[in-house]
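Residues per chain are reported as follows:
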Amino acid sequence: MIERTITNKIKATIKTFPLVTLTGSRQCGKSTLLKYIFPDWKYVSFEDLDIREMASKDPRYFLSLYPEKAVFDEVQQVPELFPYIQTHVDKLNKPGIYILSGSQNFLLMEKISQSLAGRTALLTLAPFSIRELKPAGLLPQNLNEYIFKGSYPRIYDQNPDPVDFYPAYIKTYIERDVRLLRNITSLPDFHRFLKLCAGRCGQILNVTELSNQAELSLVTTRSWLSVLETSHIIFYLRPYHKNYGKRLIKSPKLYFYDTGLVSNLLGLEKKEQLETHFMRGSLFENLIISEYMKKRFFEGKEPRAYYWRDSSGLEIDLVEEAPEGLNLYEIKSSATVKQNFFTNIEKFQSLAGTQVKHRNIIYGGTETYPEKDTTGGFISWQDY
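Residues numbered from 1 in each chain as written. Predicted model: local features only at pLDDT ≥ 70, side-chain atom pairs only at ≥ 80, totals over all residues. Heavy atoms only, no water.

Engineer: Hey, could you run me through the nonpolar core in this one?
Structural biologist: Here is a general trend for soluble globular proteins: nonpolar side chains tend to be buried in one another's company. In terms of nonpolar packing, the biggest core is built from 87 residues, with Ile10, Phe190, Phe193, Leu225, Leu228, Ile233 and Phe256 touching the most fellow members. In terms of residues, this core owes the most to one element, helix H15 (residues 280-298), which gives nine residues. Ignoring any residue separated from it by four or fewer positions in sequence, one finds Phe256 in contact with Leu194, Cys197, Ala198, Cys201, Ile233, Ile234, Phe235, Leu261, Val262, Leu265, Asn286 and Ser290. Of all hydrophobic cores here, the second largest spans 21 residues; its members include Leu19, Leu63, Ala70 and Leu108. (Core = buried A, V, L, I, M, F, W, Y, C linked by side-chain atoms within 4.5 Å. Buried < 20%, exposed > 50% of the residue type's maximum accessible area, 1.4 Å probe, protein only. Helix = DSSP H or I, 4+ residues; strand = E, 2+ residues; numbered from the N terminus. Contact = heavy atoms within 4.5 Å.)

Engineer: Before we go on, may I ask you to explain the side chain of Asn264 in this structure?
Structural biologist: With respect to the helices and strands, the residue Asn264 is situated in helix H14 (residues 259-265). Given the relative accessible area of 17%, Asn264 is considered buried. Once you skip the residues sitting within four places of it in the chain, Asn264 turns out to touch Pro162, Val163, Tyr166, Pro167 and Ile170.

Engineer: In this structure, what is going on with the packing of aromatic side chains? I would like to understand it.
Structural biologist: Any aromatic ring pair is given by two values, namely how distant the centres are and how the planes are angled relative to each other. In this structure the tally under the stated criterion is 25 aromatic pairs. Plain terms: the ring middles of Phe72 and Tyr98 are 4.8 Å apart, the flat faces sit at 35° to each other, and that makes the pair tilted. With a gap of 26 residues between them, Phe72 in strand E3 (residues 70-73) and Tyr98 in strand E4 (residues 98-102) connect regions that are remote in the sequence. Tyr98 matches Phe72 in its accessibility class, with the two residues each being buried. Connected via pairs of aromatic rings, a cluster forms that spans Phe46, Phe62, Tyr66, Phe72 and Tyr98. Above the face of the Tyr43 ring, Lys35 is positioned so that its terminal group lies 4.2 Å from the ring centre. Across the ring face of Tyr307, the terminal group of Lys253 is positioned such that the distance to the ring centre comes to 5.3 Å. (Phe/Tyr/Trp six-rings, centres within 6.5 Å; stacked < 30°, edge-to-face > 60°. Lys NZ or Arg CZ within 6 Å of the ring centre and 35° of its normal.)

Engineer: Looking at this model, I keep getting lost on the environment of Pro79. Mind explaining?
Structural biologist: Residue placement: Pro79 occurs in the loop between E3 and helix H5 (82-92). On the basis of relative accessibility, which here comes to 31%, the residue Pro79 falls in the partly exposed class. On a C-alpha basis, the gap between Pro79 and Phe235 in space is 26 Å, while along the polypeptide they are 156 residues apart.

Engineer: Can you walk me through the sheet that holds strand E7 (residues 234-237) in this structure?
Structural biologist: The strands that make up a sheet pair up through hydrogen bonds in the backbone, lying either parallel or antiparallel. Taken in spatial order, the three strands make up an open sheet running E6-E8-E7, and their pairing is antiparallel. Only two strands of the sheet have a single partner each, and these edge strands are strand E6 (203-204) and E7. Note that E6 and strand E8 (residues 253-256) share two bridges and pair antiparallel. Among the inter-strand pairings, Ile204 is bridged to a residue of E8, identified as Lys253. (Pairing = 2+ DSSP bridges.)

Engineer: What is the right way to look at H5 in this model?
Structural biologist: A turn of α-helix holds 3.6 residues, and therefore any two residues three or four places apart point the same way. Of the residues making up H5, those classed as buried are Phe82, Ile85, His88 and Val89. Buried residues of H5, viewed axially, fall in a sector of 120°; they line one side. Once H5 ends, the next one or two residues include Asn93, with phi positive near 50°. (Arc of directions from axis to C-beta.)

Engineer: What exactly am I supposed to notice about the layout of surface pockets here?
Structural biologist: Picture a little ball the size of a water molecule; that probe, rolled over the atoms, points out where space is still empty. What the largest pocket holds in volume is close to 630 Å³. Around the largest pocket, the lining is made up of 25 residues, and of these Gln27, Cys28, Gly29, Lys30 and Thr32 lie nearest the centre. At the level of secondary structure, the elements contributing two or more residues to the lining of the largest pocket comprise helix H2 (30-37), strand E2 (42-45), helix H9 (153-157) and helix H10 (162-181). In terms of residue count, the dominant contributor to the lining of the largest pocket is H2 (five residues). Grouping the amino acids of the lining of the largest pocket by side-chain chemistry returns eight nonpolar, seven polar and ten charged. (1 Å grid on protein atoms, 1.4 Å probe; cavity = no way out; pocket = protein on both sides within 12 Å on 5 of 7 lines; lining within 4 Å. Points joined across faces, edges and corners; volume = space filled by probe spheres on them. Nonpolar A, V, L, I, M, F, W, Y, C, P; charged D, E, K, R; others polar.)

Engineer: It is not clear to me how the environment of Lys270 should be interpreted in this structure. Could you clarify?
Structural biologist: On the secondary structure map, Lys270 appears in the loop between H14 and H15. A relative accessible area of 48% places Lys270 in the partly exposed class. Placed 67 residues apart in sequence, Lys270 and Val337 show a C-alpha to C-alpha distance of 27 Å.

Laid out in C-alpha coordinates, this is it:
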(Lines give C-alpha, C1' and ligand atoms only; values in the text may rest on other atoms or scores of the structure.)
Protein backbone atom coordinates (compact mmCIF):
# COMPACT_ATOMS: atom_id res chain seq x y z
CA MET A 1 0.00 0.00 0.00
CA ILE A 2 1.54 3.30 -1.11
CA GLU A 3 1.14 5.89 1.64
CA ARG A 4 -1.26 8.62 0.52
CA THR A 5 -0.38 12.07 1.82
CA ILE A 6 -4.04 12.95 2.39
CA THR A 7 -4.32 10.21 5.04
CA ASN A 8 -3.48 12.42 8.02
CA LYS A 9 -5.98 15.05 6.92
CA ILE A 10 -8.78 12.48 6.65
CA LYS A 11 -7.94 11.09 10.10
CA ALA A 12 -7.90 14.57 11.61
CA THR A 13 -11.17 15.78 10.10
CA ILE A 14 -13.16 12.67 11.03
CA LYS A 15 -12.37 13.49 14.68
CA THR A 16 -14.05 16.88 14.44
CA PHE A 17 -16.80 16.49 11.80
CA PRO A 18 -19.76 14.08 11.81
CA LEU A 19 -19.15 13.50 8.09
CA VAL A 20 -16.16 13.53 5.77
CA THR A 21 -16.78 13.69 2.02
CA LEU A 22 -14.03 12.48 -0.29
CA THR A 23 -14.36 13.16 -4.02
CA GLY A 24 -12.08 12.41 -6.95
CA SER A 25 -11.97 10.81 -10.37
CA ARG A 26 -12.80 7.17 -10.93
CA GLN A 27 -9.98 4.77 -10.06
CA CYS A 28 -7.88 7.37 -8.24
CA GLY A 29 -7.85 5.17 -5.14
CA LYS A 30 -10.69 6.47 -2.94
CA SER A 31 -12.15 3.09 -1.97
CA THR A 32 -8.77 1.44 -1.40
CA LEU A 33 -7.61 4.32 0.78
CA LEU A 34 -10.73 4.46 2.93
CA LYS A 35 -10.73 0.71 3.50
CA TYR A 36 -7.08 0.95 4.51
CA ILE A 37 -7.53 3.86 6.91
CA PHE A 38 -10.73 2.52 8.49
CA PRO A 39 -10.50 -1.31 8.41
CA ASP A 40 -13.10 -1.68 11.18
CA TRP A 41 -15.72 0.47 9.49
CA LYS A 42 -18.48 -0.99 7.35
CA TYR A 43 -18.01 -0.35 3.64
CA VAL A 44 -21.09 0.05 1.43
CA SER A 45 -20.87 0.58 -2.33
CA PHE A 46 -23.91 1.98 -4.08
CA GLU A 47 -22.62 0.53 -7.32
CA ASP A 48 -24.40 -2.58 -6.02
CA LEU A 49 -27.90 -2.37 -7.47
CA ASP A 50 -29.54 -4.31 -4.63
CA ILE A 51 -28.06 -2.06 -1.95
CA ARG A 52 -28.91 1.03 -3.97
CA GLU A 53 -32.53 -0.05 -4.32
CA MET A 54 -32.88 -0.87 -0.63
CA ALA A 55 -31.43 2.50 0.42
CA SER A 56 -33.65 4.35 -2.04
CA LYS A 57 -36.89 2.64 -1.05
CA ASP A 58 -36.40 2.60 2.70
CA PRO A 59 -33.71 5.09 3.83
CA ARG A 60 -34.63 4.84 7.51
CA TYR A 61 -34.25 1.08 7.56
CA PHE A 62 -31.00 1.29 5.61
CA LEU A 63 -29.44 3.72 8.10
CA SER A 64 -30.60 1.54 10.98
CA LEU A 65 -28.35 -1.18 9.52
CA TYR A 66 -25.42 1.26 9.43
CA PRO A 67 -26.01 3.65 12.36
CA GLU A 68 -22.40 4.90 12.43
CA LYS A 69 -18.81 4.17 11.38
CA ALA A 70 -19.71 3.36 7.78
CA VAL A 71 -18.25 4.37 4.43
CA PHE A 72 -20.85 5.09 1.73
CA ASP A 73 -19.18 4.89 -1.67
CA GLU A 74 -20.69 6.52 -4.80
CA VAL A 75 -23.34 7.89 -2.46
CA GLN A 76 -24.52 10.46 -5.03
CA GLN A 77 -26.37 7.58 -6.72
CA VAL A 78 -28.88 7.54 -3.86
CA PRO A 79 -30.09 11.15 -3.56
CA GLU A 80 -33.05 10.04 -1.45
CA LEU A 81 -30.65 9.17 1.36
CA PHE A 82 -29.20 12.62 2.01
CA PRO A 83 -32.06 14.20 4.03
CA TYR A 84 -32.12 11.13 6.25
CA ILE A 85 -28.35 11.29 6.76
CA GLN A 86 -28.84 14.91 7.84
CA THR A 87 -31.50 14.00 10.40
CA HIS A 88 -29.47 11.06 11.66
CA VAL A 89 -26.20 12.94 12.21
CA ASP A 90 -28.03 15.85 13.83
CA LYS A 91 -29.65 13.42 16.25
CA LEU A 92 -26.37 11.74 17.19
CA ASN A 93 -24.58 15.11 17.34
CA LYS A 94 -21.01 13.79 17.45
CA PRO A 95 -18.02 13.46 15.12
CA GLY A 96 -17.00 10.41 13.13
CA ILE A 97 -20.35 9.04 11.96
CA TYR A 98 -20.02 8.51 8.19
CA ILE A 99 -17.59 8.95 5.33
CA LEU A 100 -19.13 9.73 1.95
CA SER A 101 -17.25 9.28 -1.30
CA GLY A 102 -18.02 9.69 -4.97
CA SER A 103 -16.58 10.40 -8.39
CA GLN A 104 -19.33 12.66 -9.71
CA ASN A 105 -18.54 15.88 -7.96
CA PHE A 106 -21.45 17.92 -9.33
CA LEU A 107 -24.15 15.49 -8.21
CA LEU A 108 -22.49 14.92 -4.86
CA MET A 109 -21.91 18.60 -4.08
CA GLU A 110 -25.45 19.46 -5.15
CA LYS A 111 -26.86 17.08 -2.54
CA ILE A 112 -24.41 18.22 0.11
CA SER A 113 -25.32 21.88 -0.39
CA GLN A 114 -29.00 20.98 -0.07
CA SER A 115 -28.83 18.74 3.00
CA LEU A 116 -25.39 18.47 4.58
CA ALA A 117 -23.87 21.94 4.43
CA GLY A 118 -21.83 22.64 7.57
CA ARG A 119 -21.89 19.00 8.63
CA THR A 120 -19.15 17.58 6.42
CA ALA A 121 -15.51 18.25 5.70
CA LEU A 122 -14.83 18.29 1.96
CA LEU A 123 -11.65 16.65 0.67
CA THR A 124 -10.41 15.75 -2.80
CA LEU A 125 -8.28 12.80 -3.85
CA ALA A 126 -6.47 12.55 -7.18
CA PRO A 127 -4.15 9.97 -8.77
CA PHE A 128 -0.71 9.47 -7.23
CA SER A 129 1.63 12.42 -6.86
CA ILE A 130 5.41 12.56 -7.25
CA ARG A 131 5.64 12.97 -3.48
CA GLU A 132 3.83 9.66 -3.02
CA LEU A 133 5.53 7.61 -5.74
CA LYS A 134 9.10 8.70 -4.99
CA PRO A 135 9.33 7.42 -1.37
CA ALA A 136 7.76 4.15 -2.51
CA GLY A 137 10.49 3.71 -5.13
CA LEU A 138 7.91 3.74 -7.94
CA LEU A 139 8.55 7.11 -9.56
CA PRO A 140 9.88 6.58 -13.10
CA GLN A 141 13.36 8.05 -13.44
CA ASN A 142 12.67 9.03 -17.02
CA LEU A 143 10.49 12.14 -17.39
CA ASN A 144 8.95 11.00 -20.66
CA GLU A 145 7.99 7.70 -19.06
CA TYR A 146 6.21 9.41 -16.19
CA ILE A 147 4.31 11.74 -18.52
CA PHE A 148 3.31 8.78 -20.69
CA LYS A 149 2.35 6.42 -17.84
CA GLY A 150 0.49 8.99 -15.80
CA SER A 151 -0.27 8.35 -12.16
CA TYR A 152 -3.44 6.31 -11.80
CA PRO A 153 -2.94 3.70 -9.03
CA ARG A 154 -3.76 0.69 -11.20
CA ILE A 155 -0.83 1.57 -13.49
CA TYR A 156 1.52 1.02 -10.53
CA ASP A 157 -0.40 -1.76 -8.80
CA GLN A 158 -1.15 -4.13 -11.68
CA ASN A 159 1.31 -2.73 -14.25
CA PRO A 160 -0.96 -2.72 -17.32
CA ASP A 161 0.36 -1.19 -20.52
CA PRO A 162 -0.91 2.43 -20.61
CA VAL A 163 -1.89 1.82 -24.23
CA ASP A 164 -4.40 -0.74 -22.94
CA PHE A 165 -5.38 0.91 -19.66
CA TYR A 166 -6.43 4.36 -20.82
CA PRO A 167 -8.78 3.38 -23.67
CA ALA A 168 -10.60 1.09 -21.24
CA TYR A 169 -10.70 3.89 -18.65
CA ILE A 170 -12.06 6.38 -21.19
CA LYS A 171 -14.69 3.93 -22.41
CA THR A 172 -15.87 3.23 -18.87
CA TYR A 173 -15.88 6.91 -17.96
CA ILE A 174 -17.82 7.97 -21.06
CA GLU A 175 -20.33 5.16 -20.93
CA ARG A 176 -21.06 5.50 -17.20
CA ASP A 177 -20.35 8.93 -15.74
CA VAL A 178 -21.09 10.98 -18.84
CA ARG A 179 -24.49 9.36 -19.32
CA LEU A 180 -25.37 10.11 -15.70
CA LEU A 181 -24.18 13.72 -15.71
CA ARG A 182 -25.71 14.89 -18.96
CA ASN A 183 -28.14 13.60 -21.55
CA ILE A 184 -25.49 13.24 -24.26
CA THR A 185 -26.96 11.45 -27.25
CA SER A 186 -23.74 11.01 -29.24
CA LEU A 187 -20.98 9.41 -27.19
CA PRO A 188 -18.61 9.27 -30.20
CA ASP A 189 -18.94 13.05 -30.52
CA PHE A 190 -18.14 13.45 -26.84
CA HIS A 191 -15.08 11.23 -27.22
CA ARG A 192 -13.91 13.38 -30.11
CA PHE A 193 -14.52 16.47 -27.99
CA LEU A 194 -12.37 14.96 -25.24
CA LYS A 195 -9.52 14.51 -27.72
CA LEU A 196 -9.84 18.12 -28.88
CA CYS A 197 -9.53 19.23 -25.26
CA ALA A 198 -6.41 17.08 -24.85
CA GLY A 199 -4.84 18.96 -27.73
CA ARG A 200 -5.35 22.17 -25.74
CA CYS A 201 -3.80 21.14 -22.43
CA GLY A 202 -1.62 23.89 -21.03
CA GLN A 203 -3.18 26.45 -23.37
CA ILE A 204 -5.47 29.42 -22.87
CA LEU A 205 -9.00 28.22 -23.47
CA ASN A 206 -10.92 29.81 -26.32
CA VAL A 207 -14.39 28.33 -25.96
CA THR A 208 -15.63 29.80 -29.26
CA GLU A 209 -12.72 28.34 -31.22
CA LEU A 210 -13.19 24.97 -29.50
CA SER A 211 -16.91 24.92 -30.28
CA ASN A 212 -16.23 25.72 -33.93
CA GLN A 213 -13.68 22.96 -34.30
CA ALA A 214 -15.93 20.48 -32.48
CA GLU A 215 -18.91 21.62 -34.58
CA LEU A 216 -20.94 22.20 -31.42
CA SER A 217 -22.95 25.14 -30.14
CA LEU A 218 -21.41 27.32 -27.45
CA VAL A 219 -24.04 26.09 -25.00
CA THR A 220 -23.15 22.45 -25.66
CA THR A 221 -19.42 23.16 -25.53
CA ARG A 222 -19.72 24.81 -22.13
CA SER A 223 -21.97 22.01 -20.91
CA TRP A 224 -19.50 19.32 -21.98
CA LEU A 225 -16.57 21.19 -20.43
CA SER A 226 -18.60 21.25 -17.22
CA VAL A 227 -19.00 17.46 -17.46
CA LEU A 228 -15.23 17.04 -17.75
CA GLU A 229 -14.57 19.40 -14.86
CA THR A 230 -17.13 17.96 -12.45
CA SER A 231 -15.93 14.40 -13.04
CA HIS A 232 -12.34 15.40 -12.22
CA ILE A 233 -10.92 14.95 -15.72
CA ILE A 234 -9.96 18.59 -16.35
CA PHE A 235 -9.45 21.73 -14.29
CA TYR A 236 -8.74 25.38 -15.01
CA LEU A 237 -5.96 27.71 -13.94
CA ARG A 238 -7.37 31.22 -13.67
CA PRO A 239 -5.42 34.34 -14.65
CA TYR A 240 -3.89 36.52 -11.96
CA HIS A 241 -5.66 39.89 -12.23
CA LYS A 242 -3.73 43.01 -11.37
CA ASN A 243 -3.40 46.25 -13.27
CA TYR A 244 0.24 46.62 -14.24
CA GLY A 245 -0.30 49.13 -17.02
CA LYS A 246 -0.75 46.46 -19.68
CA ARG A 247 -3.75 44.63 -21.01
CA LEU A 248 -3.99 41.21 -19.36
CA ILE A 249 -5.31 37.94 -20.71
CA LYS A 250 -8.43 37.03 -18.75
CA SER A 251 -9.34 33.56 -20.04
CA PRO A 252 -8.38 30.44 -18.03
CA LYS A 253 -5.86 27.82 -19.07
CA LEU A 254 -7.03 24.22 -19.50
CA TYR A 255 -5.30 21.31 -17.79
CA PHE A 256 -5.94 17.61 -17.18
CA TYR A 257 -5.44 15.91 -13.83
CA ASP A 258 -3.39 13.15 -15.48
CA THR A 259 -0.85 13.33 -18.31
CA GLY A 260 -1.12 9.61 -19.07
CA LEU A 261 -4.73 10.16 -20.06
CA VAL A 262 -3.76 13.15 -22.22
CA SER A 263 -0.96 11.19 -23.89
CA ASN A 264 -3.38 8.45 -24.86
CA LEU A 265 -5.96 10.92 -26.15
CA LEU A 266 -3.21 12.47 -28.29
CA GLY A 267 -2.57 9.07 -29.85
CA LEU A 268 0.82 8.36 -28.28
CA GLU A 269 1.65 4.64 -28.18
CA LYS A 270 5.08 4.69 -26.52
CA LYS A 271 7.08 7.03 -24.33
CA GLU A 272 9.79 7.49 -26.97
CA GLN A 273 7.36 9.49 -29.09
CA LEU A 274 7.53 12.25 -26.49
CA GLU A 275 11.19 12.92 -27.26
CA THR A 276 10.26 14.96 -30.33
CA HIS A 277 6.54 15.55 -29.83
CA PHE A 278 5.43 19.13 -30.40
CA MET A 279 3.32 19.07 -27.22
CA ARG A 280 6.05 17.82 -24.88
CA GLY A 281 6.45 21.26 -23.27
CA SER A 282 2.70 21.59 -22.74
CA LEU A 283 2.50 18.10 -21.27
CA PHE A 284 5.34 18.88 -18.85
CA GLU A 285 3.62 22.10 -17.82
CA ASN A 286 0.39 20.14 -17.32
CA LEU A 287 2.29 17.64 -15.18
CA ILE A 288 3.71 20.29 -12.86
CA ILE A 289 0.48 22.27 -12.51
CA SER A 290 -1.44 19.08 -11.71
CA GLU A 291 1.22 18.19 -9.10
CA TYR A 292 0.64 21.56 -7.46
CA MET A 293 -3.11 20.91 -7.35
CA LYS A 294 -2.55 17.49 -5.79
CA LYS A 295 -0.27 18.97 -3.14
CA ARG A 296 -2.93 21.45 -2.06
CA PHE A 297 -5.78 18.93 -2.23
CA PHE A 298 -3.89 16.37 -0.16
CA GLU A 299 -3.25 19.01 2.50
CA GLY A 300 -6.97 19.73 2.59
CA LYS A 301 -6.43 23.23 1.23
CA GLU A 302 -7.87 25.18 -1.67
CA PRO A 303 -5.39 25.89 -4.48
CA ARG A 304 -4.13 29.48 -4.58
CA ALA A 305 -2.58 29.23 -8.01
CA TYR A 306 -2.86 31.39 -11.12
CA TYR A 307 -1.00 32.13 -14.30
CA TRP A 308 -0.17 35.64 -15.51
CA ARG A 309 0.05 36.82 -19.09
CA ASP A 310 -0.20 40.18 -20.80
CA SER A 311 -1.12 41.01 -24.38
CA SER A 312 2.53 41.15 -25.46
CA GLY A 313 3.05 37.50 -24.52
CA LEU A 314 4.91 38.00 -21.25
CA GLU A 315 3.84 35.08 -19.06
CA ILE A 316 4.46 33.48 -15.67
CA ASP A 317 3.40 29.84 -15.67
CA LEU A 318 2.47 29.59 -11.99
CA VAL A 319 1.75 32.42 -9.56
CA GLU A 320 0.99 31.25 -6.03
CA GLU A 321 -0.47 33.61 -3.46
CA ALA A 322 1.03 33.11 -0.01
CA PRO A 323 0.61 35.14 3.20
CA GLU A 324 4.14 36.52 2.94
CA GLY A 325 3.93 37.40 -0.77
CA LEU A 326 3.89 35.77 -4.19
CA ASN A 327 5.72 32.60 -5.18
CA LEU A 328 6.62 32.66 -8.87
CA TYR A 329 7.42 29.58 -10.95
CA GLU A 330 8.44 29.15 -14.54
CA ILE A 331 8.06 25.62 -15.95
CA LYS A 332 10.64 24.43 -18.48
CA SER A 333 10.85 20.91 -19.89
CA SER A 334 14.55 21.38 -20.68
CA ALA A 335 16.94 19.14 -18.73
CA THR A 336 19.56 21.91 -18.79
CA VAL A 337 19.77 24.77 -16.30
CA LYS A 338 19.76 28.19 -17.98
CA GLN A 339 19.83 31.54 -16.20
CA ASN A 340 17.73 33.21 -18.89
CA PHE A 341 14.78 31.12 -17.70
CA PHE A 342 14.29 33.91 -15.12
CA THR A 343 13.74 36.62 -17.74
CA ASN A 344 9.94 36.68 -17.46
CA ILE A 345 10.05 36.52 -13.68
CA GLU A 346 12.36 39.54 -13.56
CA LYS A 347 10.12 41.48 -15.95
CA PHE A 348 7.05 40.59 -13.89
CA GLN A 349 8.73 41.78 -10.70
CA SER A 350 9.56 45.13 -12.29
CA LEU A 351 5.87 45.58 -13.20
CA ALA A 352 4.15 44.13 -10.18
CA GLY A 353 5.34 46.19 -7.27
CA THR A 354 4.21 43.27 -5.12
CA GLN A 355 6.30 41.41 -2.57
CA VAL A 356 7.77 38.28 -4.19
CA LYS A 357 8.82 35.67 -1.64
CA HIS A 358 10.12 32.84 -3.82
CA ARG A 359 11.17 32.56 -7.47
CA ASN A 360 12.00 29.18 -8.95
CA ILE A 361 12.32 27.32 -12.22
CA ILE A 362 10.79 23.84 -12.25
CA TYR A 363 12.62 21.99 -15.00
CA GLY A 364 13.12 18.59 -16.61
CA GLY A 365 16.55 17.91 -15.09
CA THR A 366 17.49 15.70 -12.15
CA GLU A 367 19.38 18.13 -9.88
CA THR A 368 17.80 20.70 -7.57
CA TYR A 369 19.59 23.96 -6.81
CA PRO A 370 17.86 25.82 -3.93
CA GLU A 371 17.26 29.55 -3.87
CA LYS A 372 19.96 31.73 -2.35
CA ASP A 373 19.04 35.22 -1.20
CA THR A 374 17.58 37.03 -4.23
CA THR A 375 18.88 34.43 -6.67
CA GLY A 376 16.16 32.09 -7.86
CA GLY A 377 16.40 28.34 -7.56
CA PHE A 378 16.02 25.40 -9.92
CA ILE A 379 13.74 22.55 -8.82
CA SER A 380 13.95 19.15 -10.50
CA TRP A 381 10.60 17.69 -11.47
CA GLN A 382 11.50 14.67 -9.34
CA ASP A 383 11.67 16.89 -6.24
CA TYR A 384 8.57 18.98 -6.81
